[in-house]
Amino acid sequence: MKITTSLFVFWSLLLGVRFAEGASQQQCDRACQYQAGLKRVEANVADHSKNGPQDQSCPAAGIRTQRLAKIQEGSLLSAEGILMQIQTAVKAEAEPALKDQSRCGSCEQVNVVSPLTTSRPKAPSYNRTCDGRPTETVRGEFASEQAAKSFVEQALRGENRDGERLYAACPDPCSFNVYNAYTQVGSKIRINLVVQCGQPKGGLFAKYEFGGGYVHEWTCRQK
């Protein structure tokens, strides 16, 4: 009886630990996936800090991603209006970063700021066919912000070659978690679109979470 009771307690504790670990992992999955998406965007944007006007006698170049504190909710039908609001908020919050001169000592700090928007289902359902799907990146340079926007919209609807690739990697019923950053490169706009394949959005009228922020890069050069 004592052996049976001990085994029962042992397996109960072990299963309890496993359930706790599973719950913790499930809670982390969504947050960790979001962080991974932001890091991937940052890595894609990082061309300037690698190739910009960095003087070796000055402090090192750097890069950071700053998120807006506020997350907005809405349907895909309201996405365009919400994202426009977020872009306005990002522009205002990023203004000090463009003028920042605190990181290069006596050298001149050259700043590049890439606005960033994100969208993902608020309460996705689960379908095992969506597990382990790849994250895709779409990059390109365009003559104007409007041309870049149109290209991204077409890709997310599957209406161009990159869009076909996105849908092949993330078929129904899976949904897109979208991270979209753009950088002014001379007279052109460079897009860095990262699309994670996530779980189904959870219904026809599913709510989405929309966020924003910016990637701030700086290099240092002699004045």
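Computed from a prediction, not measured in an experiment: that's the story for all the values here.

1. Notes on the nonpolar core
Where a protein is soluble and globular, its nonpolar side chains tend to be buried together. Counting 17 residues, the largest nonpolar core has Val138, Leu166, Phe176, Ile191 and Leu193 as the members making the most contacts within it. For this core, the secondary structure elements donating two or more residues are β4 (136-142), α4 (145-156), β5 (175-185) and β6 (188-198). The leading source of residues in this core is β6, at 5 residues. Once you skip the residues sitting within four places of it in the chain, Val138 turns out to touch Phe151, Asp162, Arg165, Leu166, Ile191, Asn192 and Leu193. Counting residues in each nonpolar core, the second largest holds 11 residues, with Ala79, Ile86, Val113 and Phe210 among its members.

2. Section: helix α5 (residues 161-169)
Of all the residues in α5, the buried ones are Gly163, Leu166 and Ala169. Projected onto a plane normal to the axis of α5, the buried residues spread over an arc of 130° and lie on a single side. Exposed side chains of α5 directed beyond 90 degrees from the buried face belong to Arg161, Glu164 and Ala168.

3. Examining the confidence of the model for the protein chain
Confidence in the prediction for the protein chain averages 86 pLDDT; 86% of positions are at 70 or higher. Counting contacts from residues 1-28, a segment whose pLDDT is below 50, to residues more than four positions away or on other chains yields 1 contact.

4. Examining the state of the cysteines
Under the defined criterion, the tally for this structure stands at 4 disulfides. Note that Cys104 is cross-linked by a disulfide to Cys220, the S-S spacing being 2.0 Å. An S-S torsion of about -70° defines the bridge between Cys104 and Cys220 as left-handed. In this pair, Cys104 is assigned in the loop between α3 (79-99) and β3 (108-121) and Cys220 in strand β7 (residues 208-221), connecting sequence segments 116 residues apart. On the basis of relative accessible area, Cys220 is assigned to the buried category, the value being 0%. Residue pairing for Cys170: its cysteine sulfur links by disulfide to Cys197, the two sulfurs lying 2.2 Å apart. Disulfide Cys170-Cys197: torsion about the S-S bond near 80°, hence right-handed. In this pair, Cys170 sits in the loop between α5 and β5 while Cys197 sits in strand β6, placing the two residues 27 residues apart along the sequence.

5. Side note on the packing of aromatic side chains
To describe a pair of aromatic rings, one takes the distance between the centres and the angle between the planes. Applying the stated criterion across every chain yields a total of 4 aromatic pairs. Between Tyr34 and Tyr179, the ring centres sit 5.7 Å apart and the planes meet at 45°, which makes this aromatic pair tilted. Of this pair, Tyr34 sits in helix α1 (residues 2-45) while Tyr179 sits in strand β5, placing them 145 residues apart in sequence. Overall, the relative accessible area of 2% leaves Tyr179 in the buried class. Sitting over the face of the ring of Trp218, Arg103 holds its NZ or CZ atom 4.4 Å from the ring centroid.

6. Describing the environment of Glu93
Relative to the elements of secondary structure, Glu93 occurs in helix α3. A relative accessible area of 34% places Glu93 in the partly exposed class. Placed 27 residues apart in sequence, Glu93 and Gln66 show a C-alpha to C-alpha distance of 9.5 Å. With near-sequence residues (within four places) excluded, Glu93 lies in contact with Gln66, Arg67, Leu68 and Tyr214.

About the criteria used
Residues numbered from 1 in each chain as written. Predicted model: local features only at pLDDT ≥ 70, side-chain atom pairs only at ≥ 80, totals over all residues. Heavy atoms only, no water. Core = buried A, V, L, I, M, F, W, Y, C linked by side-chain atoms within 4.5 Å. Buried < 20%, exposed > 50% of the residue type's maximum accessible area, 1.4 Å probe, protein only. Helix = DSSP H or I, 4+ residues; strand = E, 2+ residues; numbered from the N terminus. Contact = heavy atoms within 4.5 Å. Arc of directions from axis to C-beta. pLDDT = per-residue confidence, 0-100. Disulfide = S-S within 2.5 Å. Phe/Tyr/Trp six-rings, centres within 6.5 Å; stacked < 30°, edge-to-face > 60°. Lys NZ or Arg CZ within 6 Å of the ring centre and 35° of its normal.

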